[in-house]
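As a plain string of letters, each chain reads:
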Amino acid sequence: MAEMTMIKAITDAMRTELKNDEDVLLFGEDVGYYGGVFRATEGLQEEFGEDRVFDTPLAESGIGGLAIGLGVTGFRPIMEIQFIGFMFEVMDGLAGQMSRMHYRTGGYYDSPITVRAPFGGGVKTPELHPDSLEGLMAQTPGIRVVIPSTPYDAKGLLISSIRSNDPVFYLEHMKLYRSLKGEVPEEAYTVDLDKADIKREGDDITFVAYGAMVHSALKAAEQLSEENIAAEVIDLRTVSPVDLDTIIESVKKTNRAVVIQEAQKQAGVAAGISAEISERAILHLEAPVARVTAPDTVYPFASDEDVWLPDHNDIIEKAKATIDF
Amino acid sequence: MAKHKYETFQILDENGKVVNEDEMPDLSDEQLQDIMYRMVYTRILDQRAVSLGRQGRLGFYAPVAGQEASMIGSHYAIDKEDWIAPGYRDIPQLIWHGYPLWQSYLFSKGHYKGGQMPEGLNALVPQIIIGAQIVQTAGIALGLKKKGNSQAVISYTGDGGASQGDFYEGMNFAGAFHVPAIFVVQNNQYAISVPADEQTAAETIAQKAVAAGIEGVQVDGMDALAVYAATQKARQNAVDGDGPTLIETLCYRYGPHSLSGDDPTRYRTSEEDDEWEKRDPLVRFRKYLESKDLWSEEKENEIVDEAKADVKAAMKEVEETPRQKVSELIEIMGNELPNNLQEQLEEYRAKESSE
Ligand SMILES: Cc1ncc(C[n+]2csc(CCOP(=O)(O)OP(=O)(O)O)c2C)c(N)n1
């Protein structure tokens with residue numbers, strides 16, 4: 001095992017799969033020679049050559065179409081969208097085309113594509129770089145949306161994504177790239193897609209979170225434990241489809257839930273989860289399902305994002321209100 | 001394809017000698033000095049911005065040194081009433097169009113007041129999404145045409161931007177609607193790390209005009225006079241109803257792609273940098289003006305001092321601007337506040353008053 005940052009774990013996953021399967025290709029803007037604007041693909045072109053790891057012209061729609069075409073000719077593309085906001089340029093490719101290839105050909109063709117994109121706030125990037133747009137993709141049937149929160153999961157989930165014959169939108173929170181380290185096995189291993197992880201056990205309230213918010217939820221749980229409130233923290237890992245079994249089981253135990261996301265209230269994954277909890281476990285609830293989210297504005301200009309983004313204090317406040325309901 | 005049509009258009013060579021007398025634009029001595037004044041001032045603004053950025057006093061900034069002739073030369077050819085649809089790097093054109101320096105710093109820092117264009121300034125906010133401004137340019141141009149104004153719109157992007165679908169759609173629309181648009185592609189040789197010859201197999205970006213059925217020209221982008229002359233012609237065509245033009249300016253960015261972590265030594269050599277610095281637009285134009293006795297070191301030093309003082313004053317204004325509140329961001333979402341935002345506005349106001 002080695003200590004790795006999240007970004008190193010991501011690079012390691014791609015290296016592992018490039019080595020493991022000749023049909024894996026990696027491409028996007030600046031990912032080849034330069035090794036990516038975050039250095040996520042550093043060294044890979046050198047190791048695997050320009051045929052396998054290459055730069056494309058600056059056109060996201062082109063990159064998406066390329067991936068679809070390579071996918072139906074037997075390759076396993078990993079395409080990078082340099083920052084999440086540029087996904088709008090390739091929205092048809094993602095939501096309109098990759099998502100339905102299996103369906104519209106009755107299983108004749110697949111889209112074994114992994115779409116990687118950095119996202120997430122708190123690092124003062126320009127507009128349309130940090131937005132939490134996972135909700136848009138989560139509303140698209142046919143696309144898995146995966147968001148790791150630890151280096152270990154980052155590698156295992158990325159390998160699973162690359163090996164999946166269905167398209168996966170794999171989002172990397174920029175704030176987590178280098179801010180945390182963890183033990184990551186050197187060999188290939190997978191972490192199951194569609195399976196949530198209980199990061200902390202507790203009996204009093206369930207926190208459902210993903211991405212960087214997992215760490216805020218853990219921090220909130222830690223502080224609440226000093227007041228004898230035991231919060232259970234669930235890391236979704238895949239936000240579409242959601243692992244409802246794990247959530248419902250937890251809520252049946254704690255009878256209270258707070259669903260947490262960085263995205264705006266109207267824009268997300270949390271709304272669907274709240275509805276599912278109500279539908280499936282209403283009689284177990286002691287209080288309404290609460291949500292911690294950002295307000296319904298455009299992602300703010302960089303100088304204000306720290307105030308705009310929800311944090312552990314917002315979670316603590318909502319948790320207490322839920323318990324005192 | 002008649003290749004000769006896309007030979008690089010030049011007026012001043014690297015030594016400031018006029019090599020194309022026939023195409024010499026009709027500019028007074030004062031105007032010539034004014035172009036140099038703007039280029040020098042812009043170079044200083046850039047140096048100051050880079051240093052402020054390194055001190056952490058600015059936010060996002062994309063350096064412009066090396067592109068002064070392309071930026072100033074093209075902007076000098078348009079009218080005060082014309083529209084600009086800039087990319088993130090095109091701050092100098094905006095400033096010379098009337099966008100206050102201090103606001104450009106607020107834009108850099110990500111403050112919404114940076115986007116509040118002063119009354120009467122016909123410009124879009126610098127675009128972050130590459131290509132978006134190009135399709136919007138077709139729309140602005142159609143708007144101007146429908147209103148019967150004799151104005152034009154100029155849009156800017158880079159060699160990388162010329163790969164986007166929006167680039168082709170924008171030019172094609174502008175051609176199809178026959179509107180007064182000027183598309184400038186500043187080919188500074190790199191899109192972050194990817195060299196221009198990996199963006200396209202076409203020999204020039206200028207020739208991409210052919211498919212859209214519009215005029216295309218490639219210009220020496222280190223030669224302010226050539227850029228000016230080409231843009232002036234494009235503008236004349238635009239306002240005369242003769243349709244849009246694509247102008248490719250061959251230039252170079254001396255600095256990194258932006259101050260957010262790009263290291264150009266990873267993808268280009270110092271020999272290449274040196275080669276391009278020999279073609280420096282300021283050196284060339286200075287030599288030309290000196291040969292006409294229109295320039296002096298003293299004059300240049302005055303401009304340097306003026307620019308530095310302006311930067312200082314603008315920074316002071318920025319540092320006195322209150323930090324924006326989330327409630328303000330909620331208020332600027334639209335003209336009317338829908339119920340969800342009304343509720344959130346109250347929430348955030350309450351939070352802010354208890355801070
Ligand atoms: C749609 C979109 N894709 C990618 C980016 C990220 N990005 C910002 S600048 C840049 C390179 C642009 O190069 P070029 O168009 O040549 O302009 P230059 O920066 O050289 O002036 C890239 C890839 C973006 N801002 N928008």
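Here the structure is shown first, and the text comes after it.
Keep in mind that this is a model prediction, so the values were computed, not measured.

A. The interface of chain A and chain B, seen in detail. Tallying the contact residues gives 33 residues for chain A and 37 residues for chain B. Per-residue buried area on chain A facing chain B is highest for Y34, L58 and F301 of chain A; these three make up 22% of the total on that side. Taken together, the connections running from chain A to chain B amount to three salt bridges. The salt bridge partner of D304 of chain A is R323 of chain B, with a shortest N-O separation of 3.5 Å. Joining chain A to chain B, the criterion identifies 15 residue pairs in polar contact (both at pLDDT 80 or more).

B. Geometry of the packing of helix α1 (residues 6-20) of chain A against helix α7 (residues 151-163) of chain A. All names here are of chain A. Viewed as axis vectors pointing N to C, α1 and α7 meet at an angle of 30°, and their least axial separation amounts to 8 Å. If you check the angle between α1 and α7, you find them roughly parallel. Seen along the crossing, α1 lies across α7 with a hand that is right-handed. Contact residues: α1 offers M6, A9, I10, D12, A13, M14, T16, E17 and N20, while α7 offers P151, A154, K155, L158, I159, I162 and R163. Of the residues belonging to the contact of α1 with α7, the class tally is ten nonpolar, two polar and four charged.

C. Geometry of the environment of S296 of chain B. Within the secondary structure, S296 of chain B is located in the loop between α11 (281-291) and α12 (297-320). On a C-alpha basis, the gap between S296 of chain B and R286 of chain B in space is 8.6 Å, while along the polypeptide they are ten residues apart.

D. Quick peek at the nonpolar core. With 81 residues, the main nonpolar core has M79, I81, L94, M98, F169, I247 and I277 of chain A as its most contacted residues. If one sorts the elements of this core by residue count, α1 of chain A sits on top with seven residues. In terms of domain composition, this core takes at least three residues from each of domain 1 (2-184) and domain 2 (197-324) of chain A. The contact partners of L94 of chain A, leaving out residues within four places of it in the chain, are I81, M87, S99, V115, M137, I143 and F169 of chain A. Ranked by size, the runner-up nonpolar core spans 66 residues in total, among them I35, Y99, A123 and V304 of chain B.

E. Here's a closer look at the site of the ligand. Inspection of the region around the ligand gives 21 residues, with E60 of chain A together with Y88, R89, I128 and G161 of chain B positioned closest. Mapping the residues near the ligand onto chains gives chains A and B. G161 of chain B is positioned such that a nitrogen or oxygen atom in its backbone is 2.8 Å from an oxygen atom of the ligand. Here an oxygen atom of the ligand and a backbone polar atom of Y190 of chain B are 2.9 Å apart. Contact with the protein chains removes 95% of the 580 Å² of surface that the ligand exposes when unbound. Split into classes, the residues belonging to the shell around the ligand amount to nine nonpolar, seven polar and five charged.

F. Representation of α11 of chain B. All names here are of chain B. Of the residues making up α11, those classed as buried are P281, L282, R284, F285, Y288 and L289. All buried residues of α11 fall inside an arc of 165° around its axis, so they share one side. Elements in contact with the buried residues of α11: α1 (29-54), α2 (68-76), β6 (215-220) and α9 (224-239). Near the N-terminus of α11, the side chain that reaches the backbone nitrogen of L282, with its oxygen 2.7 Å away, is that of D280. Remark: D293 follows α11 within two positions and exhibits a positive phi of approximately 60°.

Quick notes on the rules
Residues numbered from 1 in each chain as written. Chains lettered and ligands numbered in written order. Predicted model: local features only at pLDDT ≥ 70, side-chain atom pairs only at ≥ 80, totals over all residues. Heavy atoms only, no water. Contact = heavy atoms within 4.5 Å. Buried area = accessible area lost by both parts, 1.4 Å probe. Salt bridge = Lys/Arg side-chain N within 4 Å of Asp/Glu carboxyl O. Polar contact = N/O pair within 3.5 Å; in protein donor to acceptor, adjacent residues only side chain to side chain. Axes fitted to C-alpha atoms, helices over the stretch in contact; angles between N-to-C directions. Helix = DSSP H or I, 4+ residues; strand = E, 2+ residues; numbered from the N terminus. Parallel < 35°, antiparallel > 145°, perpendicular 65-115°, else oblique. Left-handed = near helix turned anticlockwise from the far one by under 90°. Nonpolar A, V, L, I, M, F, W, Y, C, P; charged D, E, K, R; others polar. Core = buried A, V, L, I, M, F, W, Y, C linked by side-chain atoms within 4.5 Å. Buried < 20%, exposed > 50% of the residue type's maximum accessible area, 1.4 Å probe, protein only. Domains from an automatic or database assignment. Near = heavy atom within 4 Å. Areas by Shrake-Rupley, 256 points an atom, 1.4 Å probe, with all protein chains shown as cover. Arc of directions from axis to C-beta.

These results come straight from atomic positions and should not be treated as a statement about function.
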